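So you can see what is in the structure, the chains are spelled out below.
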Amino acid sequence: MQSEKVVIVVGGDQTDVADLVHRYSASHRLIGADRGALKLAELLTNFDAAIGDFDSVTPTEMEDIKKKSRVCRVLPAQKDETDTEAAIAYAIEAFHPEEIILLGAFGGRLDHLMSNLWLAFHPLVKGMAGKISLMDLHNTLRFYMPGSYALEKESDKKYLSFIGMTPIKKLTLTEVVYPLHGKDYEYPIALVSNEFEGTQMHFSFESGLLAVIQSSDKRK
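Residues numbered from 1 in each chain as written. Predicted model: local features only at pLDDT ≥ 70, side-chain atom pairs only at ≥ 80, totals over all residues. Heavy atoms only, no water.

How should I be thinking about empty space enclosed by the protein in this particular structure?
Under the definition given, this model contains one cavity of 30 Å³ or more. Taken as a whole, the largest cavity encloses approximately 30 Å³ of empty space. Surrounding the largest cavity, Ala120, Val125, Lys126, Ala129, Phe143, Tyr144, Met145 and Leu209 form its lining. Residue assignment for the lining of the largest cavity shows that the elements contributing at least two residues are helix H6 (123-126) and strand S7 (139-144). Residues of the lining of the largest cavity, tallied by class, amount to seven nonpolar, no polar and one charged. (1 Å grid on protein atoms, 1.4 Å probe; cavity = no way out; pocket = protein on both sides within 12 Å on 5 of 7 lines; lining within 4 Å. Points joined across faces, edges and corners; volume = space filled by probe spheres on them. Helix = DSSP H or I, 4+ residues; strand = E, 2+ residues; numbered from the N terminus. Nonpolar A, V, L, I, M, F, W, Y, C, P; charged D, E, K, R; others polar.)

What is the right way to look at the environment of Ser133 in this model?
Examined against the element boundaries, Ser133 turns out to sit in strand S6 (residues 132-136). Put simply, Ser133 and Val212 are 79 residues apart on the chain and 9.7 Å apart in space, counted from C-alpha to C-alpha. Apart from residues lying up to four places away in sequence, Ser133 is in contact with Ile100, Ile101, Leu102, Thr140, Leu141 and Arg142. (Contact = heavy atoms within 4.5 Å.)

I keep staring at the layout of surface pockets and nothing clicks. Help me out?
Think of a ball as big as a water molecule: rolled over the atoms, this probe shows where empty space is left. If you add up the space inside the largest pocket, you get close to 450 Å³. Lining the largest pocket are 23 residues, and of these Gly11, Asp34, Asp83, Thr84 and His112 lie nearest its centre. Residue assignment for the lining of the largest pocket shows that the elements contributing at least two residues are helix H4 (83-95) and helix H5 (110-117). The greatest single-element share of the lining of the largest pocket, amounting to five residues, is contributed by H5. Its residues assigned to classes, the lining of the largest pocket comprises five nonpolar, 10 polar and eight charged. Considered as a void within the structure, the second largest pocket measures approximately 160 Å³ in volume. Around the second largest pocket, the lining residues are Asp13, Thr15, Asp16, Val17, Leu20, Gly104, Ala105, Phe106, Met135, Asp136, His138 and Lys218. Of all the secondary structure elements, the ones that give two or more residues to the lining of the second largest pocket are helix H1 (17-24) and S6.

I tried to follow the packing of H1 against helix H2 (residues 35-43) on my own but got confused; where do I start?
The description of two helices packed together rests on the angle between their axes and the distance between the axes. Closest axis-to-axis distance for the H1/H2 pair is 11 Å, and the angle between their directions is 70 degrees. Taken together, the axis directions place H1 and H2 in an arrangement best described as roughly perpendicular. You can see that H1 and H2 cross each other, and the crossing is right-handed. Across from Val17, Ala18, Val21 and His22 in H1, the residues of H2 making contact are Lys39, Leu40 and Leu43. For the contact of H1 with H2, the residue count by class is five nonpolar, one polar and one charged. (Axes fitted to C-alpha atoms, helices over the stretch in contact; angles between N-to-C directions. Parallel < 35°, antiparallel > 145°, perpendicular 65-115°, else oblique. Left-handed = near helix turned anticlockwise from the far one by under 90°.)

Is there a simple way to think about the side chain of Thr84 in this case?
Within the element layout of this structure, Thr84 appears in helix H4. In this structure Thr84 touches Val10, Ala33, Leu102, Asn116 and Leu119, once residues within four positions along its chain are discounted.

Whenever I open this one, the packing of aromatic side chains confuses me. Can you help?
Centre distance and the angle of the planes are the two values used to describe a pair of aromatic rings. Under the counting rule described, the total for this entry stands at six aromatic pairs. Through a chain of ring-to-ring contacts, three or more aromatic side chains come together here, namely Tyr144, Tyr149, Phe162 and Phe203. (Phe/Tyr/Trp six-rings, centres within 6.5 Å; stacked < 30°, edge-to-face > 60°.)

Is there a simple way to think about the sheet that holds strand S13 (residues 200-205) in this case?
Remark on secondary structure: sheet strands pair via backbone hydrogen bonds, oriented parallel or antiparallel. Strand order in the open sheet made by the four strands is S8-S13-S10-S11, with antiparallel pairing throughout. The sheet terminates laterally at strand S8 (147-152) and strand S11 (180-185), the two strands that pair on one side only. Here the strands of the sheet are splayed against their neighbours by 20 degrees on average, with no regard to which way each runs. Direction of pairing for strand S10 (residues 168-174) relative to S11: antiparallel, over a ladder of three bridges. What sits directly across from Ile168, in S11, is Tyr185. (Pairing = 2+ DSSP bridges.)

Structure below.
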């Protein structure tokens, strides 16, 4: 089966979601997780799937979601996985994606934000190192397992940060303003506000779990 690209809208801060959904709607499959499905129903006449317990939507909103989603999976409110985890699992099962972008994963409730960041430790996400992004208009976050990687600069982002989700061994950064060569960190550390020297950089590390963020300042 051919792999595809997927956007999953979740229920966090919806400020940038409309712009990004329209950016990716022609090239990506679209899935809504819980209230993210309601946002997709507001923006589009149809989308690929709605996944969640939908305990925070009204009956009228639920009818609109069912009408506009090609697949609608209603989950029990009491469950071991979050709606976002269930949506990622469905995306992998249905589309074998080469890329998953999560929109609406920042902001909103703090517990939801933390659970989205802790997706880094989920076995499904570990199997897609570097291929799952948490995104808004000013930030792109990806998780990586040990290895060597080339990273392309996003033209609208200035800053490049490396956040250790765990201790990190032998971290090397090249083609950046502040390079590193085989640095060990015995505890999770945030290396923020680095910058690309050109349009591509390389990084590698031997153990741990790393979040890499490209970001820009919000314009007032």
